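Chain residues, written in single-letter form:
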Amino acid sequence: MPEPASAEPVLRVVDFSKKYEGKPAVDHLTFDIAAGEILGLVGPNGAGKTTTLRTIAGILPIKEGNIRIFGFDIDRDEVEAKKYLAWVPDDPQPFDTLTVYEHLEFYAALHKVQNWQQRAEELLTRFELQEKRDALGGELSRGMRQKLSFCCAWLPKPKIVLLDEPLTGLDPRGIRSAKQSIVELASEGTAVILSSHLLDLVAELAHRILILNRGRRIFAGTIAEARATIAVRADATLEEIFMTATENAGDSAAGTSAAASPPPKIE
Ligand code: ATP
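Notes on the structure in this doc start here. (Residues numbered from 1 in each chain as written. Predicted model: local features only at pLDDT ≥ 70, side-chain atom pairs only at ≥ 80, totals over all residues. Heavy atoms only, no water.)

Some words on the side chain of Asp164
Thinking step 1. For Asp164, the position within the fold is in strand E7 (residues 160-164).
Thinking step 2. Buried charge without a partner: Asp164 forms no salt bridge, and the closest opposite charge is Arg54, 6.9 Å away.
Thinking step 3. Within the structure, the side chain of Asp164 is placed 2.9 Å from the side chain of Thr50, a separation counted as a polar contact.
Thinking step 4. Look past the residues within four positions of Asp164 in its chain and what remains in contact with it is Thr50, Leu53, Trp87, Val88, Pro89, Asp90 and Ser195. (Helix = DSSP H or I, 4+ residues; strand = E, 2+ residues; numbered from the N terminus. Buried < 20%, exposed > 50% of the residue type's maximum accessible area, 1.4 Å probe, protein only. Lys, Arg positive; Asp, Glu negative; His and termini not counted. Salt bridge = Lys/Arg side-chain N within 4 Å of Asp/Glu carboxyl O. Polar contact = N/O pair within 3.5 Å; in protein donor to acceptor, adjacent residues only side chain to side chain. Contact = heavy atoms within 4.5 Å.)

As structure tokens, this is what we get:
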């Protein structure tokens, strides 16, 4: 795995819980992420990954726990906290009536990006959207919407990026561009949370992994630490680690026995 660019704290999530109709979706989750770090967020379906990302992004309200970006509380100091953040959702929905280029214009205005045009051109070229620059959002294919979402997120050079299954729908060239741009952004100091079921992708890009199961953190650390901590072979792949970790915790609902036992030594 690559080394992170620096160890500056960017995001701190402390004791965050979220319930839907009384049922826990995320349960007392604590973690943080440093500048230049790529954190792989993995877990079975329903583990609470999207709920966590949507709350950090300010889309879902936070009622229990505390989330800070550069020390700004995402609830109380929402504007300051969000200034540094970009978000690529798992199913981006561009504005139907704006063209691709107008989306970039809009994001530049929203984030007050000066001299954004050259960067916009570079991003459109990198993500092969030049031919679609005048196409309306509603006319884009699934993969093109994903590429546009990357372009909009990357435009303001965010300090923290949340990626929820970012490669879904991308063609092979798009996948390569996305992977390269994630690594580049991190090497420039951006903190990246990469949530994905593509464990090879996570193993390739992430400096650390955070495994959730039924809303609870069951592991956070490097893959080397996971190999040492979770009872699997010394050369275990992330897939094998994932299977073992989630199998052991899989029989308990959040808040019950295995989930209540202390997680393996972390961080
Ligand atoms: P996946 O890998 O399938 O995308 P996930 O880890 O992102 O899953 P979440 O989408 O965060 O999981 O869901 C966590 C839990 O919260 C699940 O039990 C899910 O059914 C529940 N949940 C999510 N959204 C809602 C909602 N709007 N209303 C009720 N329950 C919800």
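Next comes the rest of the account.
A short note on the site of the ligand
Thinking step 1. As a structural note, the neighbourhood of the ligand is formed by Tyr20, Ala25, Pro44, Asn45, Gly46, Ala47, Gly48, Lys49, Thr50, Thr51 and His197.
Thinking step 2. Between the ligand and Lys49 there is a distance of 2.7 Å, counted from an oxygen atom to a side-chain nitrogen or oxygen.
Thinking step 3. Surface burial for the ligand is 56%, taken as the share of its 640 Å² of free accessible area covered by protein chains.
Thinking step 4. Among the elements that take part in the shell around the ligand, helix H1 (residues 49-56) stands out by supplying 3 residues, more than any other.
Thinking step 5. Per-class residue counts for the shell around the ligand are 4 nonpolar, 6 polar and 1 charged. (Near = heavy atom within 4 Å. Areas by Shrake-Rupley, 256 points an atom, 1.4 Å probe, with all protein chains shown as cover. Nonpolar A, V, L, I, M, F, W, Y, C, P; charged D, E, K, R; others polar.)

Some details on the sheet that holds strand E3 (residues 38-42)
Thinking step 1. Spatially, the 6 strands line up as an open sheet ordered E6-E7-E8-E3-E9-E10, and their pairing is mixed. Lying at the two open borders of the sheet, with one neighbouring strand each, are strand E6 (85-88) and strand E10 (216-221). Neighbour to neighbour, the strand axes of the sheet diverge by 15° on average, direction disregarded.
Thinking step 2. For E3 and strand E8 (residues 191-195), the ladder comprises 4 bridges, and the chain directions are parallel. Directly across from Leu39, in E8, lies its bridge partner Ile193.
Thinking step 3. Its contacts with the sheet place H1 against E3, E6, E7, E8 and strand E9 (208-213), and it is angled at close to 150° to E7.
Thinking step 4. In the packing of helix H6 (residues 172-187) onto the sheet, contacts are made with E3, E7 and E8, and the angle to E3 comes to roughly 130°. (Pairing = 2+ DSSP bridges. Axes fitted to C-alpha atoms, helices over the stretch in contact; angles between N-to-C directions.)

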